[in-house]
Amino acid sequence: MSGLSDTESAQVEVTNRQEGELMQEFDFSVFSNVELIGADLSAMSGEQTEILYRQAMYCQAMTVADIDTMRELVSEDMVFTHMSGRQQTREEYFADVKDGSLRYFTIGIDSPLVEVDGDFASVTYTSVLNANAYGARGTYRMGGTHWFEKREDGWFLINAPDR
């Protein structure tokens with residue numbers, strides 16, 4: 001599944017636009033169950049692209065129930081809030097993904113806006129989830145924001161800063 005246009009390469013080379021040095025390469029095409037929709041990767045800074053890549057990596061892990069990768073990307077104190085308003089700890093949520101109570105088939109990241117402020121960042125987008133959530137199968141479109149904090153090992157999903 002690829003949401004990149006023919007004119008956008010699935011491999012995005014992120015360069016330091018001021019110095020022209022190659023910093024890192026992000027290959028979004030490796031995410032077989034994640035679609036970027038309306039994302040202009042060429043307009044993003046290297047840091048913005050890295051954060052969006054981490055978001056896509058997390059979404060891919062959700063679709064294959066890769067709990068180890070999810071743990072590597074998500075802060076231990078994370079609280080998840082469902083459409084119903086129900087809240088779960090990180091481990092409660094991961095257990096539901098692992099046992100199939102929450103089954104994600106594909107995830108679209110529609111019109112992402114990545115904003116960076118020092119060691120904090122946000123990705124605001126519409127999720128297009130093809131999922132079976134506690135027995136309710138369907139495609140769900142939900143707007144929201146995911147927050148990230150830069151730590152020694154990279155960017156990690158965190159609770160909203162005002163939480």
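Structural data are supplied above this passage.
**Student:** Which residues make up the overall build of the protein chain, and what values do they have?
**Tutor:** Each helix and strand in the protein chain was counted, giving three helices and nine strands. Each helix and strand of the protein chain, placed in order from N terminus to C terminus, yields the pattern β-β-β-α-α-β-β-α-β-β-β-β. The long-range fraction of contacts in the protein chain, counting pairs at least 24 apart against all pairs at least 6 apart in sequence, stands at 52%. Accessible area of the protein chain: about 8,800 Å², with a carbon and sulfur share of 45%.

**Student:** Describe the pattern of salt bridges, and please don't skip the residues or the numbers.
**Tutor:** Applying the stated criterion across every chain, the model contains six salt bridges. Across the pair Asp96 and Arg86 runs a salt bridge, and its minimum N-O distance is 4.0 Å. Here Asp96 is found in helix H3 (residues 90-98), whereas its partner Arg86 is found in the loop between strand S4 (79-81) and strand S5 (87-89), with ten residues between them in sequence. Assessed through its relative accessible area of 12%, Asp96 is described here as buried. Overlapping salt bridges bring together Arg71, Arg90 and Glu91 as one network.

**Student:** Tell me about the layout of surface pockets, residues and numbers included.
**Tutor:** The calculated volume of the largest pocket comes to roughly 880 Å³. For the largest pocket, the lining is made up of 34 residues, of which Phe80, Thr81, His82, Met142 and His146 are closest to its centre. Elements supplying a minimum of two residues to the lining of the largest pocket: helix H1 (46-63), S4, strand S6 (102-117), strand S7 (120-133), strand S8 (136-151) and strand S9 (154-158).

**Student:** Tell me about the nonpolar core, and please be specific about residues and values.
**Tutor:** One finds Phe28, Leu52, Tyr58, Met70, Tyr93 and Tyr104 to be the most contacted residues of the largest nonpolar core, which totals 39 residues. For this core, the secondary structure elements donating two or more residues are strand S3 (34-37), H1, helix H2 (67-73), H3, S6, S7, S8 and S9. The biggest single contributor to this core is H1, with eight residues.

**Student:** Give me the lowdown on unusual backbone geometry, citing residues and values where you can.
**Tutor:** With phi around 50°, Ala65 is a residue other than glycine that occupies positive phi space. Tracing the backbone shows Ala65 in the loop between H1 and H2. Here Ala65 falls in the partly exposed class, since its relative accessible area comes to 35%. Even without glycine at this site, Ser111 takes up a positive phi of about 50°. Along the chain, the position of Ser111 falls in strand S6. In this structure Ser111 comes out as partly exposed when scored by relative accessible area, which is 47%.

Rules used throughout
Position numbers for residues start from 1 in each chain and track the written sequence from start to end. The predicted origin of the model limits local features to residues at a pLDDT of at least 70 and limits the giving and counting of side-chain atom pairs to 80 or more, whereas totals for whole chains, interfaces and linings rest on all residues. Working from all heavy atoms in the structure, the side-chain values ignore hydrogens and water. A run of DSSP states H or I qualifies as a helix once it reaches four residues; a run of E qualifies as a strand once it reaches two. Both are numbered from the N-terminal end. Contact between two residues is taken to exist if any of their heavy atoms lie within 4.5 Å; hydrogens are not considered. Working definition of accessibility: Shrake-Rupley area with a 1.4 Å probe, residue cover restricted to the visible protein chains. Any Lys or Arg side-chain nitrogen found within 4 Å of a carboxyl oxygen on Asp or Glu counts as a salt bridge. Each residue is placed in one exposure class: buried if its accessible area under a 1.4 Å probe, protein chains only, is under 20% of its type's maximum, exposed if it is over 50%, and partly exposed if it falls in between. As defined here, a cavity is a set of points on a 1 Å grid over the protein atoms alone where a 1.4 Å probe fits but cannot get out. A pocket is an open set with protein on both sides within 12 Å along at least five of seven lines, and residues line them when an atom is within 4 Å of a point. Grid points are joined across faces, edges and corners, and a volume is the space filled by probe spheres set on the points. We define the nonpolar core as a collection of buried residues of types Ala, Val, Leu, Ile, Met, Phe, Trp, Tyr and Cys that are connected through side-chain atoms lying within 4.5 Å of one another.

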